[in-house]
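Summary of the model geometry
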Amino acid sequence: MPTRRIKTSPVKVTGRAPEGQEFESHLEEDFFVLLRFNKNVVRWESHPLTIEWLDEQGRVREYTPDVLVEYRPEKPVADPVMVLCEIKPDFDSMSDRPKNRLPRRESEAENKLKWEAAERYAARKSWTFKVYREAEIRTPYLRNARFLMRFRERPVSMHRHQELMDTLKAHKQLSLEDWVNPLVSTNAQRADLLPTCYHLIAEGYVKVDLSTLISLKSVCEYIDE
């Protein structure tokens, strides 16, 4: 259960992910998209716990990290991989700031103390603590994830699904354009078939470099079972 409930705010973007986790900025929402897209993520919880830490004056303060993520272990018999996460905008970021507010200033000294406390807490539980900055989150990969999520649960024709996989298997790798074009004769047919390609990519049946934006020139690689 979250230890801190998020209230609606006139100066913050708040909401819930489809699975119910609460966010209080566009940046947290973006991070949730990455978690939802990642097939190795088992579950995650927003604002999962509160940690006490001492400030420079020796006063006890409280800090609530943004997310606790459980990742699938590399080996079936291994323990889950737990990562306690803090989501931070880049300094003076304009992305989530209302136009009538001054740029946000962070105290690096305070962050260092509370994040060290979070690292100690995580270590005691055999977890990892990690700070994710905006520059790590808002990348072409995020844009691809947002795009592909639309096709993940979309129903597809199993006949076209198998036809596409057989074609790619025969060539090992093809550009998206060269993968689709031999199977269609009109632009309308290509538009109908592309969503199945995107579904296969989103589900991980086909490998594509998602660090650059997907286009018809993107190389699609068959993944051997």
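Report follows, based on the coordinates. If you're wondering where the values come from, they're calculated on a predicted model, not measured in any experiment.

A word on the sheet that holds strand 10 (residues 206–207). Pairing in this open sheet of three strands is antiparallel, and the strands run 9-11-10 from one edge to the other. Two strands close off the open sheet at either side, each with one partner strand: strand 9 (173–175) and strand 10. Two strands pair when backbone bridges link them, and strand 9 and strand 11 (residues 219–222) are joined in this way by three bridges, in the antiparallel orientation. For leucine 174, the partnering residue across the bridge sits in strand 11 and is cysteine 220.

In this section: the nonpolar core. Ranked by size, the top nonpolar core spans 43 residues in total, and within it Phe31, Leu35, Val67, Leu176, Trp179 and Val206 carry the most contacts. Within the second largest apolar cluster, 13 residues are counted, among which are Leu68, Met82, Trp115 and Ala117.

A word on unusual backbone geometry. Its identity is not glycine, yet serine 126 carries a phi of approximately 60°, on the positive side. Structurally, serine 126 can be placed in the loop between helix 2 (108–124) and strand 8 (128–133). Its identity is not glycine, yet lysine 172 carries a phi of approximately 70°, on the positive side. Mapping lysine 172 onto the fold places it in the loop between helix 5 (158–171) and strand 9. Judged by relative accessible area, which is 46%, lysine 172 ranks as partly exposed.

As a packed pair, helix 1 (residues 26–37) and helix 4 (residues 140–152) sit with axes 9 Å apart at the nearest point and diverge in direction by 55°. As far as their axial angle goes, helix 4 and helix 1 are oblique. Once helix 1 is placed against helix 4, the crossing between them reads as left-handed. Where helix 1 abuts helix 4, its residues Glu29, Asp30, Val33, Leu34, Arg36 and Phe37 lie against Tyr141, Leu142, Ala145, Arg146, Leu148, Met149 and Arg152. Counted by class, the contact of helix 1 with helix 4 contains eight nonpolar, no polar and five charged residues.

Topologically, threonine 64 is positioned in the loop between strand 5 (60–63) and strand 6 (67–71). Judged by its relative accessible area of 15%, threonine 64 is buried. There is a polar contact of 3.0 Å between the side chain of threonine 64 and the side chain of threonine 50.

The next subject is the pattern of salt bridges. In total, this model carries 15 salt bridges according to the counting rule given. The shortest N-O distance in the salt bridge between glutamate 203 and lysine 39 comes to 3.1 Å. Taken as a pair, glutamate 203 in the loop between helix 7 (187–202) and strand 10 and lysine 39 in the loop between helix 1 and strand 3 (41–46) lie far apart in primary sequence, 164 residues in all. Residues joined by salt bridges that share partners form a network here, namely Asp30, Glu134, Arg138 and Arg146.

Moving on, we get to the environment of serine 107. Turning to its location among the elements, serine 107 is positioned in the loop between strand 7 (81–88) and helix 2. Polar contacts involving the side chain of serine 107 include one to the main-chain amide nitrogen of glutamate 110, which spans 3.2 Å.

Sheet architecture is open: four strands sit in the order 3-6-7-8, paired in mixed fashion. Looking at the sheet topology across the chains shown, the edges are occupied by strand 3 and strand 8. The average undirected angle you get between the axes of adjacent strands in this sheet is 25°.

Each disulfide consists of one covalent bond between the sulfur atoms belonging to two cysteines. Applying the stated criterion to the full structure yields zero disulfides. Free of any disulfide, cysteine 197 has its nearest neighbouring cysteine sulfur in cysteine 220, separated by 6.9 Å.

A few words on the pairing of strand 5. Note: strand 4 (residues 51–54) against strand 5, four bridges, orientation antiparallel. Each bridged residue has a counterpart across the sheet, and for leucine 54 the counterpart in strand 5 is valine 60. Taking the residues that link successive antiparallel strands as the turn, the strand 4-strand 5 hairpin has five residues, and the phi of glycine 58 there is positive, at about 80°.

Rules of the game
Residues numbered from 1 in each chain as written. Predicted model: local features only at pLDDT ≥ 70, side-chain atom pairs only at ≥ 80, totals over all residues. Heavy atoms only, no water. Pairing = 2+ DSSP bridges. Helix = DSSP H or I, 4+ residues; strand = E, 2+ residues; numbered from the N terminus. Core = buried A, V, L, I, M, F, W, Y, C linked by side-chain atoms within 4.5 Å. Buried < 20%, exposed > 50% of the residue type's maximum accessible area, 1.4 Å probe, protein only. Axes fitted to C-alpha atoms, helices over the stretch in contact; angles between N-to-C directions. Parallel < 35°, antiparallel > 145°, perpendicular 65-115°, else oblique. Left-handed = near helix turned anticlockwise from the far one by under 90°. Contact = heavy atoms within 4.5 Å. Nonpolar A, V, L, I, M, F, W, Y, C, P; charged D, E, K, R; others polar. Polar contact = N/O pair within 3.5 Å; in protein donor to acceptor, adjacent residues only side chain to side chain. Salt bridge = Lys/Arg side-chain N within 4 Å of Asp/Glu carboxyl O. Disulfide = S-S within 2.5 Å.

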